[in-house]
Amino acid sequence: MTQEELDSLMNGEPDIAQVDEAPEQEEEFKKETFDPNDFRVEADKKWPPPPPTEDHKVVHQLDEVTKDTEVKGTQIFDQLEIMGDGSGKIQKQAKSLKKYLETQGELFSKLCVAFPHIQSFQNALESTQSAKDNIKEILNASDDINDASMQAMDLMQYQDIHRQKIERVINVMRALAQYMNSLFEGKIDDSKRVSSAVFIAGDNKEDVANEEDIEALIASFGVK
């Protein structure tokens, strides 16, 4: 604080420079302040850094990613297993129907030879052959579903590998954090440390008020 500022305070006169700069300082302060509850990380801004809330803690976020990945991965495997089991049941039932249709096809073939003039036997033989073709397509589709579910399970292995890589990164970060805490650890508790001086001898602070200026300012408060 300069001598002119002290005289201005003692005489009760406002500092014109400070009054003029007040709106600009207030506007600048508004730009610098931010709501930590509505903070959004932007790549082109280096400051302010994200506040240390639960949404911005790095290890906390990575732990949630690995946990969700493991849970969702297990659920996906369960669904793929249900698909595989369903495909197996379809194949089993389709093969059973295929055998029945083959038997019916042989029967109607014999009837068509024995009674060539009866059109119903010929129609039944054609319907049976068409059903056999449909069963064949069902079996092929079931095989495709089974193969796709097996390939999906193989692809899910990569997701598990990614989860393990993230866990390895977490372990390295935690080890570094513990190392830094150990490196800067002191023998004296912070609550028992003396407060540090704002300015010490040798600091180049010309505008700092000395003891006489401060005593004069305090004494002026009692003058009416």
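Figured I'd write up the structure that's included with this text. It should be emphasised that the depicted structure is a prediction, and the values quoted were computed from it without experimental measurement.

### A closer look at a nonpolar patch on the surface
On the surface, Tyr179, Met180, Leu183 and Phe184 cluster together to form a nonpolar patch covering roughly 470 Å² of accessible area. With respect to the helices, strands and loops of the structure, leucine 183 is situated in helix 4 (residues 119-183).

### Some words on the pattern of salt bridges
Within the structure shown, the criterion is met by two salt bridges. The residue aspartate 160 makes a salt bridge to arginine 163 at a minimum N-O spacing of 2.6 Å. Separated by three residues within a single helix, aspartate 160 and arginine 163 lie in helix 4, roughly one turn from each other. Its relative accessible area of 14% is what places arginine 163 among the buried residues. In this structure, a network of salt bridges that share partners links the residues Asp160, Arg163 and Glu167.

### Considering helix 4
Across its 65 residues, helix 4 extends 96 Å between first and last C-alpha, which sits within 8% of the 96 Å expected from 1.5 Å per residue. Burial in helix 4 covers these residues: Ala124, Thr128, Ile135, Leu139, Ser142, Ser149, Met156, Arg163 and Ile170.

### Topic: a positive patch on the surface
Positive charge collects at one region of the surface, where Lys95, Lys98, Lys99 and Lys136 lie side by side. Broken down by element, the positive patch gets its largest block of residues, three residues, from helix 3 (residues 58-114). Within the secondary structure, lysine 95 is located in helix 3. Accessibility expressed as a relative area gives 47% for lysine 95, which makes it partly exposed.

### With respect to a negative patch on the surface
On the surface, Asp55, Asp63, Glu64 and Asp68 cluster together into a negatively charged patch. Looking at where aspartate 68 falls in the secondary structure, it is placed in helix 3. Taking relative accessible area as the criterion, aspartate 68 reaches 46% and is therefore assigned partly exposed.

What counts, and at which threshold
Residues numbered from 1 in each chain as written. Predicted model: local features only at pLDDT ≥ 70, side-chain atom pairs only at ≥ 80, totals over all residues. Heavy atoms only, no water. Patch = residues over 30% accessible without salt bridge, like charges linked within 9 Å, V, L, I, M, F, W, Y side chains within 5 Å. Areas by Shrake-Rupley, 256 points an atom, 1.4 Å probe, with all protein chains shown as cover. Salt bridge = Lys/Arg side-chain N within 4 Å of Asp/Glu carboxyl O. Helix = DSSP H or I, 4+ residues; strand = E, 2+ residues; numbered from the N terminus. Buried < 20%, exposed > 50% of the residue type's maximum accessible area, 1.4 Å probe, protein only. Expected span 1.5 Å × (residues − 1). Lys, Arg positive; Asp, Glu negative; His and termini not counted. Charge placed at Lys NZ, Arg CZ, Asp CG, Glu CD.

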